[in-house]
Amino acid sequence: MAATIPSAEEVKRKALKAFVEEFGVEPTVCAGAPGRVNLIGEHTDYNEGFVLPMALPMVTIVAGKPNSRKQCKIISLNDNISSSCQIEFDISIRENIKPGDPKWANYIKGCIVQFPYELSGFDAVIVSTVPVGAGLSSSAALEVATYTFLEAMSGHKVERAEDVALACQRAEHDFAGVPCGIMDQFISVMGKEGCALFLDCRDLTTKQIPMQEMNDYVFLITNSNTPHKLSSSAYRERRDCCYVAAEKLNIKSLREATMDSIEVLKTQNVSEEMLKRARHVISEIKRTINATVALEKGDFLQFGRLMNESHDSLQNDYEVSSKELDTLVCAAREVDGVLGSRLTGAGFGGCTVTLLEKKAVDNVIQNIKAKYTGTPSFYIAKPANGAREMNTKC
């Protein structure tokens, strides 16, 4: 059976209760932000392409209260943290805030440094249901929840949602050292219940894509429970390979390339690896546009076919899949009622997302459990709301 995802209100109540237990007073500020699943459009964001994510019911909640010191004391109750679950640091001079250990706190520090308004010190507790290392963007959920918390605490709301997303992206670049694209932060800020988000990663325009017509279909997330291991260096290698390919084609990004561009690259005697990387990005950008059109039309058969093509390209051309992910995808595709299945997130572990008929869910889960040697987790994914301030009443 698919696991039941605790509601945002349930997670909030846990955070509020934990704050009282830790600090002995009631919290006065609470904010949350969701993780995400990317339906299609992988490794296209840093190539100025298109992506189609949706926000998940899985959330990160920050509950806290300003203090009279210029100190922050933050306690994380995330079970997946292997290092210290508590940190305290001075924020009187933000230029002095530096990344360090524990690593999870760097996302918070980065958001504090990026926040454009005056801040007091504060005490806070963090509770999250977004699994770490699953490719469901636990880092962006933490960043955006933190930033929304800072807005609520300071009484100063950043006017444009895209500015919040960009500030959180800079926090991840500068303090976590991860050269991520903009998708994760955008969907965590701008998610809308019942909709996927079509994002143009060049000009940052967005369009909400309603998904209410999915009466007979659902998206099933399967967590391989093997943390995604796409290191910063492997990510950079692929990103930089795409940048070099664009330079050789004398274009700003692979967004401007076509399949004919692959033939042009061949005349320049580039490596087979570069050809494959470029081919994935060029084809994936086109797939994402076509998939969005299919979703708007309610053509779920076509959407599923494009999901399958996406995974095959990620496996063979971008080479970011893994034995575990391929096994999950193959096992899902074997079952009648499955329209499409693909890895989601950066790759090398984490999760798959499968579009299937509701009546096929149990059969898919059974087949995956029979074929997969690990211990997978299953979630029915429904598009949820993005970041929001929350009241502090249980």
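Calculation criteria
By convention here, each chain's residues receive numbers from 1 onward along its written sequence. Predicted model: local features are reported for residues with pLDDT of at least 70 only, side-chain atom pairs are reported and counted for 80 or more only, and whole-chain, interface and lining totals are derived from all residues. Excluded from the side-chain calculation are hydrogens and water; included are all heavy atoms of the structure. The helix and strand labels rest on DSSP assignments: H or I over at least four residues marks a helix, E over at least two residues marks a strand, and numbering proceeds from the N terminus. In this description the radius of gyration comes from C-alpha coordinates, and the expected globular size is given by 2.2 Å times residues to the power 0.38. Residue contacts follow a heavy-atom distance rule, with two residues in contact if any of their heavy atoms lie within 4.5 Å. Two strands qualify as a pair provided DSSP detects at least 2 bridges between them. Only the contacting stretch of a helix is used when fitting its axis, a line to C-alpha atoms as for every element, and angles between N-to-C directions run 0 to 180 degrees. A side-chain nitrogen of Lys or Arg and a carboxyl oxygen of Asp or Glu constitute a salt bridge if their distance falls within 4 Å. Note on classification: 1.4 Å probe, protein chains only; a residue is buried when its accessible area is under 20% of the maximum for its type, exposed when over 50%, partly exposed between these limits. If an angle is under 35 degrees, it is roughly parallel; if it is over 145, roughly antiparallel; if it lies from 65 to 115, roughly perpendicular; otherwise it is oblique. When the near helix sits turned anticlockwise from the far one by under a right angle, the crossing is termed left-handed; a clockwise turn instead gives a right-handed crossing. Each residue gets one of three labels, nonpolar for Ala, Val, Leu, Ile, Met, Phe, Trp, Tyr, Cys and Pro, charged for Asp, Glu, Lys and Arg, and polar for the others, Gly among them. UniProt positions are given in the numbering used here, feature names are shortened, and annotations may be inferred rather than shown by experiment. In plain words, nonpolar cores are sets of buried Ala, Val, Leu, Ile, Met, Phe, Trp, Tyr and Cys residues tied together by side-chain atoms within 4.5 Å. Any pair of nitrogen or oxygen atoms within 3.5 Å is treated as a polar contact; in protein, a donor-acceptor pairing is required on top of that, and neighbouring residues in sequence qualify only through side-chain atoms on both sides.

- Labelled according to an unreviewed UniProt entry, the protein appears under the name Galactokinase, originating from Odynerus spinipes.

**Focus: the overall build of the protein**
Move 1: Counting secondary structure elements, the protein contains 11 helices and 12 strands.
Move 2: In terms of overall dimensions, the protein is globule-like: its C-alpha atoms have a radius of gyration of 21 Å, near the 21 Å expected for 394 residues.
Move 3: For the C-alpha atoms alone, the extent of the protein along its principal axes is close to 65 × 50 × 35 Å.
Move 4: Put simply, of all contacts in the protein between residues at least 6 apart along the chain, 72% involve residues at least 24 apart.

**Here's the deal with the sheet that holds strand β11 (residues 377-381)**
Move 1: Spatially, the 4 strands line up as an open sheet ordered β9-β10-β8-β11, and their pairing is antiparallel. Edge positions in the sheet fall to β9 (338-344) and β11, since each of these pairs with one other strand and no more. With direction set aside, neighbouring strand axes in the sheet form an average angle of 20°.
Move 2: Sheet topology note: the strand β8 (residues 217-223)/β11 ladder contains 5 bridges and is antiparallel. Following the sheet pairing, Thr-222 is matched in β11 by Phe-378.

**Some words on the pattern of salt bridges**
Once their charged atoms are close, side chains differing in charge can pair, the charge on each being opposite to the other.
Move 1: With the rule as written, the count across this model stands at 26 salt bridges.
Move 2: Taking the shortest distance from any N to any O, the salt bridge between Arg-160 and Glu-162 comes out at 3.3 Å.
Move 3: Residue Asp-200 pairs with Arg-255 through a salt bridge whose shortest N-O separation is 2.9 Å. Of this pair, Asp-200 sits in strand β6 (residues 195-200) while Arg-255 sits in the loop between α6 (232-248) and α7 (259-266), placing them 55 residues apart in sequence.
Move 4: On the accessibility criterion, Asp-200 (8% relative accessible area) is buried.
Move 5: One network of salt bridges, in which partners are shared, links Glu-42, Glu-284, Arg-287 and Arg-342.

**Overview of the packing of helix α8 (residues 272-297) against helix α9 (residues 300-316)**
Move 1: At a minimum axis separation of 9 Å, α8 and α9 run at an interaxial angle of 165°. With respect to each other, α8 and α9 are oriented roughly antiparallel. In this structure, the crossing between α8 and α9 has a hand that is left-handed. Contact with α8, carried on its side by Lys-276, His-280, Ser-283, Glu-284, Arg-287, Asn-290, Ala-291, Ala-294 and Leu-295, involves Phe-300, Gln-302, Phe-303, Leu-306, Glu-309, Ser-310, Ser-313, Leu-314 and Asn-316 of α9 and no other residues of that element.
Move 2: A per-class count over the contact of α8 with α9 returns 7 nonpolar, 7 polar and 4 charged.

**Notes on the UniProt feature "domain: Galactokinase N-terminal" (unreviewed entry) in the protein**
Move 1: Listed under "domain: Galactokinase N-terminal" (unreviewed entry) in the UniProt record, and renumbered for this structure, are residues 17-66.
Move 2: Taken end to end, residues 17-66 is 14% helix and 58% strand, and its two terminal C-alpha atoms sit 17 Å from one another.

**Quick look at the nonpolar core**
Move 1: Counting residues in each nonpolar core, the largest one holds 57 residues, and the members touching the most others are Leu-39, Leu-136, Phe-219, Leu-254 and Phe-303.
Move 2: The element best represented in this core is α8, accounting for 9 residues.
Move 3: Ignoring any residue separated from it by four or fewer positions in sequence, one finds Leu-136 in contact with Gly-35, Arg-36, Val-37, Leu-56, Met-58, Val-130, Pro-131, Ile-221 and Cys-351.
Move 4: Formed by 42 residues, the second largest nonpolar core is a distinct cluster that contains Cys-111, Phe-115, Ala-167 and Phe-186.

**Looking at the side chain of Ser-188**
Move 1: Considering the arrangement of structural elements, one finds Ser-188 in helix α5 (residues 183-190).
Move 2: In contact with Ser-188, not counting residues within four places along its chain, are Ala-33, Pro-34, Ala-140, Ala-141, Val-144, Gly-386 and Ala-387.

**Details of the UniProt feature "domain: GHMP kinase N-terminal" (unreviewed entry) in the protein**
Move 1: In the UniProt entry, the feature "domain: GHMP kinase N-terminal" (unreviewed entry) is given for residues 106-192.
Move 2: Overall, residues 106-192 shows 57% helix and 8% strand. The separation of its end C-alpha atoms is 28 Å.

**Points about the packing of helix α3 (residues 138-154) against α5**
Move 1: Their axes nearest at 9 Å, the elements α3 and α5 cross at an angle of 50°. On the basis of their axis angle, the class for α3 and α5 is oblique. Of the two elements, α3 crosses α5, and the hand of that crossing is right-handed. Only Asp-184, Gln-185, Ser-188 and Val-189 of α5 make contact with α3, whose side of the interface consists of Ala-140, Ala-141, Glu-143 and Val-144.
Move 2: Of the residues that constitute the contact of α3 with α5, the class distribution is 4 nonpolar, 2 polar and 2 charged.

**Description of the side chain of Thr-344**
Move 1: With respect to the helices and strands, Thr-344 occurs in strand β9.
Move 2: Assessed through its relative accessible area of 1%, Thr-344 is described here as buried.
Move 3: Within the structure, Thr-344 has its side chain in polar contact with the backbone oxygen of Asn-38 (distance 2.8 Å).
Move 4: Filtering out sequence-adjacent residues up to four positions away, Thr-344 remains in contact with Val-37, Asn-38, Glu-42, Gly-135, Cys-351, Thr-352 and Val-353.

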